[in-house]
Amino acid sequence: MKSYTADTLFDGKNFMLEGSSIQVDNSGRIISFNQPENCQPIHCEGLLMPGMINAHCHLELSHLKNKFTQHTGLISFLKSVMSTRHEVEESHRIMAIVDAEQRMLERGIVAVGDICNGLSTAETKAKARMHYHSFVECVGLNEDRVPEIMQHAFTLQSTFQKTHAASLVLHAPYSVSKLLMESINKESSNSIHSIHNQESAEENRLFQEARGEFVPFIEGITGKPYSAKLRGSSSLQAYFPLLSNPQQHLLVHNTFCAEEDIDFLHAHKQNIFFCLCPNANMFIENRLPLVTLFLQKDCRIVIGTDSLASNYDLCLFSEIEVLRTNFPEVDLSVWLHAACLQGAKALNMENHLGSFELGKKPGVVQWINWNKKDKAKVAVLEKA
Ligand SMILES: [Zn+2]
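Every chain begins its residue count from 1, and numbering advances along the sequence as written. Two thresholds apply to this predicted model, a pLDDT of at least 70 for residue-level local features and 80 or more for giving and counting side-chain atom pairs, whereas whole-chain, interface and lining totals are computed over all residues.

1. Structural notes on the nonpolar core
Right, so step 1: Ranked by internal contacts, the top residues of the largest apolar core, which has 104 residues, are Ile-53, Ala-111, Val-136, Cys-138, Cys-275 and Ala-339.
Right, so step 2: Each helix is a run of H or I in the DSSP string that is no shorter than four residues. Each strand is a run of E no shorter than two, and both are numbered from the N terminus. Among the elements that take part in this core, helix 13 (residues 332-346) stands out by supplying 8 residues, more than any other.
Right, so step 3: Both domains that meet at this core, namely domain 1 (1-50 + 354-384) and domain 2 (52-351), each give it at least three residues. The term nonpolar core means buried Ala, Val, Leu, Ile, Met, Phe, Trp, Tyr and Cys residues held together as one set by C-beta atoms within 7 Å. Each residue is classified by how many other C-beta atoms fall within 10 Å of its C-beta atom, where C-beta atoms are placed from the backbone; a count of 20 or more means buried, 12 or fewer means exposed, and values in between mean partly exposed. Delimitation of the domains relies on an automatic or database domain assignment.

Structure (structure tokens):
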């Protein structure tokens, strides 16, 4: 048994009362609070908190670190990823995955919602050094290929499911056919769906006006003139009604998600989490979502790093730093809640991760210099 206390403790949702302590058993499971008489508490410098949840990552793209330039816009970024993602030996790709996982562990991340197009991450994930939910990503604009895409996705899903939860998801509204959306929806009862949502202004324009930079991009892929099957006053409002089955939704990026879109989602009353990836947003579009509006409207916020193709690190402290700098009026507890308990809820892991609660084994992370502007100094005291 061990007992921890610090100047400041955060329980996954709120700051704890001054002088609080937590007691964990030898495996790191929380067995009591504020019982220092059972075991002399270790006093830690800085802030103690549960392990963090990276709600959106693409571990399989880790080898693309430092390969692309910033601020090129989404379409140019997508073209770069599509043309270079396969230019690598599998052994090199796996090495980059292992290094990226190690980095996340060192930065206090205990669980990841990870997008997968192949099985490169399967071996690393099977070692269970951290918790995973694999989102098997389906992409494809050609309706004739839907059976083949679904078959491939089922194969990946069943492999991942041998060691952890996995669900089938769509890449983005502009990169899938209507038939593929319907097929994924059919397979999504009781599962978590994740989608890259409104990452660029051009995405909205495509669904509003059937015009803009996505049209030649799509025509270049399909080899056919673009014909819009879905129209709406925004991308989200055009596609979201087709995704009625998932038990919960993770909308990722939301860089161009407007007030009307949030109101539209609230009217649907579905279980929705908005995932912020601030470093990736700055890297690709050089812009952040309307974060203050999401908070005013009581949206549930989680945080992701996205991949090393569009980020320099896989560290949620670095994401929080961007949010703290750009939204100084927001209390730190909001971001920590997003990175801890809310993230665990988004990945259906709240029964064992995300907060200091009796019986959970959420990991214990020390943020040594939390009240300074410097790069976060972090120590992992207990594993999840
Ligand atoms: Zn992504």
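2. Topic: the packing of helix 12 (residues 316-326) against helix 13
Right, so step 1: Whenever a helix is involved, its axis is fitted only over the stretch in contact; in every case the axis is a line through C-alpha atoms, and angles between N-to-C directions fall within 0 to 180 degrees. Look at helix 12 against helix 13: their axes get within 10 Å of each other, and the N-to-C directions meet at 145 degrees. As for the relative orientation of helix 12 and helix 13, their crossing is right-handed in sense. Taken together, the residues of helix 13 that come into contact with helix 12 (itself represented by Leu-316, Ile-320, Leu-323 and Arg-324) are Leu-332, Trp-335 and Ala-339.
Right, so step 2: Nonpolar residues are Ala, Val, Leu, Ile, Met, Phe, Trp, Tyr, Cys and Pro. Charged residues are Asp, Glu, Lys and Arg, and all others, Gly as well, are polar. Its residues placed into classes, the contact of helix 12 with helix 13 shows 6 nonpolar, no polar and 1 charged. The hand of a helix crossing depends on one turn: near helix anticlockwise from the far one by less than a right angle means left-handed, and clockwise means right-handed. In this description, a residue-residue contact is defined by the distance between C-beta atoms placed from the backbone, which must lie within 7 Å.

3. Comments concerning the sheet that holds strand 14 (residues 378-382)
Right, so step 1: Strands were regarded as paired on the criterion that DSSP finds at least two bridges between them. Spatially, the 6 strands line up as an open sheet ordered 3-2-1-4-13-14, and their pairing is mixed. Strands at the two margins of the open sheet, each flanked by one partner only, are strand 3 (30-33) and strand 14. Pairwise comparison of adjacent strand axes, ignoring direction, gives a mean angle of 45 degrees for this sheet.
Right, so step 2: Where strand 1 (residues 2-9) lies against strand 2 (residues 21-24), 4 bridges are found, and the strand directions are antiparallel. Following the sheet pairing, Tyr-4 is matched in strand 2 by Ile-22.

4. A closer look at the domain arrangement of the protein
Many structure descriptions define interface size as the accessible area lost when the parts assemble.
Right, so step 1: Looking at the assigned domains, one finds that the protein contains domain 1 (1-50 + 354-384) and domain 2 (52-351).
Right, so step 2: A C-alpha centroid distance of 30 Å is found between domain 1 and domain 2.
Right, so step 3: Each partner contributes to the interface: domain 1 provides 17 residues, whereas domain 2 provides 18 residues.
Right, so step 4: When contributions to the side of domain 1 that touches domain 2 are tallied by element, the ones reaching two or more residues are strand 4 (42-50), strand 13 (364-367) and strand 14.
Right, so step 5: Looking at the side of domain 1 that touches domain 2 residue by residue, the class counts come to 11 nonpolar, 5 polar and 1 charged.

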